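Structural overview for review
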Amino acid sequence: RAYRAAMRRHGLDSEVRVIPGDHTERSGIDTGRLLLAERKRGQALPTAVLAGNDRSAMGLLMALTRAGVEVPRDLSVVGYDDSHLSHLMPVGLTTVRQDAVLMAEYAVRFAVERLEDRARDPREAVLDPKLVVRGTTGPAPEERV
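A brief look at the structure comes next. (Residues numbered from 1 in each chain as written. Predicted model: local features only at pLDDT ≥ 70, side-chain atom pairs only at ≥ 80, totals over all residues. Heavy atoms only, no water.)

Thoughts on the pattern of salt bridges
Within this structure, the stated rule accounts for 9 salt bridges. Residue D30 is joined to R26 by a salt bridge in which the shortest nitrogen-to-oxygen separation is 3.2 Å. Taken together, the residues D30 and R26, both in helix 2 (residues 25-40) and 4 residues apart, mark about one turn of the helix. For D30, a relative accessible area of 39% corresponds to the partly exposed category. With relative accessibility at 44%, the residue R26 sits in the partly exposed group. Between R134 and D82 there is a salt bridge, with the nearest N and O atoms lying 2.9 Å from each other. With R134 in the segment after strand 4 (130-132) and D82 in the loop between strand 2 (76-81) and strand 3 (94-97), the pair connects residues that are 52 residues apart, well separated along the chain. (Salt bridge = Lys/Arg side-chain N within 4 Å of Asp/Glu carboxyl O. Helix = DSSP H or I, 4+ residues; strand = E, 2+ residues; numbered from the N terminus. Buried < 20%, exposed > 50% of the residue type's maximum accessible area, 1.4 Å probe, protein only.)

As structure tokens, then:
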């Protein structure tokens, strides 16, 4: 919902497509195969894919590059986590980094507060993510000169 809302705020809601999957390499591979099958039936590849995490982005990259799709020339890929995997590829994965240590600190602090005071209302903390641009993203095909 948050992804769709953000796209709507930027006037890109007509561009949104969410493909269900889990957070595994297999899910990324399956998504890549789906996009490739659609391309064979005449549909264009999307200009970019935001994967649910770096593992699924890696699977997607594997499926696409094995089929001859050039990333980022033909399609940009972005992961989410900035896990150690994003650094292991010959071309680094563009990804979204969240401060996992700070998230854990908040989670533990909020849980302890509620255990100590059961009447306390649940709290949430919103942390700003950081886009880490590496080699799997580029301009959209129509923006290239």
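We are not done yet, so read on.
What to know about the sheet that holds strand 2
The strand order across the open sheet built from 4 strands is 1-2-3-4, with neighbouring strands paired in mixed fashion. Both outer strands of the open sheet, strand 1 (48-50) and strand 4, are each paired with one neighbouring strand and no more. On average, each strand axis in the sheet is inclined to that of its neighbour by 20°, with strand direction left out of account. In this sheet, strand 2 lies alongside strand 1 in parallel orientation, the contact comprising 3 bridges. Bridge pairing links V49 to V77 in strand 2. (Pairing = 2+ DSSP bridges. Axes fitted to C-alpha atoms, helices over the stretch in contact; angles between N-to-C directions.)

Describing the nonpolar core
Core analysis: the biggest nonpolar cluster contains 15 residues, and L60, L64, L75, V77 and L93 have the highest contact counts within it. Contributions of two or more residues to this core are made by helix 2 and helix 3 (54-66). At 5 residues, the largest contribution of residues to this core is made by helix 3. If we ignore the near neighbours within four places in the chain, the residues touching L60 are G28, I29, T31, G32, L35, V49 and V77. (Core = buried A, V, L, I, M, F, W, Y, C linked by side-chain atoms within 4.5 Å. Contact = heavy atoms within 4.5 Å.)

Observations regarding the side chain of E113
Turning to its location among the elements, E113 is positioned in helix 4 (residues 100-116). Once you skip the residues sitting within four places of it in the chain, E113 turns out to touch R120 and R123.

Some details on helix 3
Between the first and last C-alpha of helix 3 there are 18 Å, a value that for 13 residues agrees with the 18 Å anticipated at 1.5 Å per step. For helix 3, the complete set of buried residues consists of D54, S56, A57, M58, G59, L60, L61, A63 and L64. Looking at the buried side of helix 3, the elements it contacts are helix 2, strand 1, strand 2 and strand 3. Once helix 3 finishes, G68 follows within two positions and takes phi at roughly 90°, a positive value. (Expected span 1.5 Å × (residues − 1).)

Points about a nonpolar patch on the surface
Taken together, the side chains of Y3, V18 and L50 make up a nonpolar region of the molecular surface, amounting to roughly 260 Å² of accessible area. Within the fold, V18 resides in the loop between helix 1 (2-9) and helix 2. Residue V18 is classed as partly exposed on the basis of its relative accessible area, which comes to 47%. (Patch = residues over 30% accessible without salt bridge, like charges linked within 9 Å, V, L, I, M, F, W, Y side chains within 5 Å. Areas by Shrake-Rupley, 256 points an atom, 1.4 Å probe, with all protein chains shown as cover.)

Let's talk about the environment of N53
Here N53 lies in the loop between strand 1 and helix 3. In this structure, the C-alpha to C-alpha distance between N53 and D82, residues 29 residues apart in sequence, is 8.4 Å. From its side chain, N53 meets the backbone nitrogen of R55 in a polar contact 3.4 Å long. (Polar contact = N/O pair within 3.5 Å; in protein donor to acceptor, adjacent residues only side chain to side chain.)

Nothing here speaks to function; it is all geometry.
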